[in-house]
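# A closer look at the structure
Read off the chains here:
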Amino acid sequence: MSDAVVIGKFGRAHGVRGEVRLFVFNPDSTLVAADVELTLVGAPAGSVVVTSVRQADKFLIVTVDGITDREGAERLRSREVSVPRDTLPEPDDDEFYLVDVVGFEVWAATSTGDEPRLLGQVKGWLDIGPHDIMAVTGPEISGRMLVPHVDHVVERIDFDLGRVQLQPLDQWAAEDA
């Protein structure tokens, strides 16, 4: 597991005084607050210190130390931000962080009664509606396979084996999956 966890991504500047939109992946998170340091993911390396935060409808509006104009805020656009893992709250027994499943093998039987086979591995997650969507890639998958994280699709996640077991594909997936 990584020591840093990506928690959001900067959007466009908000106004002309250095404010910038920050889209956090968990809208209920309280991790982003004044005086919090966020690490910028990718190049160029660096970090920013949040000086103020206010909630908007679907994002946070933040100011960061040293940025006082629109041009400075625009330089943060599309940059992901992370925090050290130890700043995250410990998940409950029936919870986990989605990032911890990235890289897990994904197994499923084609039909009920068949032996499970390796389909690929979890490459990431999409948040596009009421359920998290697992993006799976593998040699037999054209592009990527999108797997909704719901009980009738995901049978179990085994953290000891690093494995996601899906229900048989004939029960939920399109025939060409």
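So, a few notes on the structure that sits alongside this text.

Thresholds, definitions, all that
Residues numbered from 1 in each chain as written. Predicted model: local features only at pLDDT ≥ 70, side-chain atom pairs only at ≥ 80, totals over all residues. Heavy atoms only, no water. Pairing = 2+ DSSP bridges. Helix = DSSP H or I, 4+ residues; strand = E, 2+ residues; numbered from the N terminus. Axes fitted to C-alpha atoms, helices over the stretch in contact; angles between N-to-C directions. Salt bridge = Lys/Arg side-chain N within 4 Å of Asp/Glu carboxyl O. Buried < 20%, exposed > 50% of the residue type's maximum accessible area, 1.4 Å probe, protein only. Patch = residues over 30% accessible without salt bridge, like charges linked within 9 Å, V, L, I, M, F, W, Y side chains within 5 Å. Areas by Shrake-Rupley, 256 points an atom, 1.4 Å probe, with all protein chains shown as cover. Lys, Arg positive; Asp, Glu negative; His and termini not counted. Charge placed at Lys NZ, Arg CZ, Asp CG, Glu CD.

Below, the discussion takes up the sheet that holds strand E11 (residues 154-158). Spatial ordering of the open sheet is given by E10-E9-E8-E7-E12-E11, a layout of 6 strands whose pairing is mixed. Two strands in the sheet have a free side with no partner beyond their single neighbour: strand E10 (145-148) and E11. When the angles between neighbouring strand axes are averaged without regard to direction, this sheet yields 35°. Bridge analysis of strand E7 (residues 105-108) against strand E8 (residues 117-127) gives 4 bridges, and the strand direction is antiparallel. Paired with Ala108 across the bridge in E8 is Arg117.

To continue, consider the pattern of salt bridges. Here the structure, examined in full by the defined rule, presents 5 salt bridges. Between Glu74 and Arg77 there is a salt bridge whose closest N-O contact spans 3.4 Å. For Arg77, a relative accessible area of 40% puts it in the partly exposed group. Measuring nitrogen to oxygen at the nearest pair gives 2.7 Å for the salt bridge that ties Glu155 to Arg156.

A word on the sheet that holds strand E5 (residues 60-64). Strand order in this closed barrel of 6 strands is E1-E2-E5-E4-E3-E6, and the pairing throughout is antiparallel. Shown here is a sheet whose adjacent strand axes are inclined to one another by a mean of 45°, direction ignored. Pairing of strand E1 (residues 4-13) with strand E6 (residues 80-84), which is carried by 5 bridges, proceeds in the antiparallel orientation. Within the sheet, the bridge partner assigned to Val6 lies in E6 and is Ser82.

Another aspect to go through is a negative patch on the surface. On the surface, Asp92, Asp93, Asp94 and Glu95 cluster together into a patch of negative charge. Here Asp93 shows up in the loop between E6 and E7. The exposure class assigned to Asp93 is exposed, which follows from its relative accessible area of 86%.

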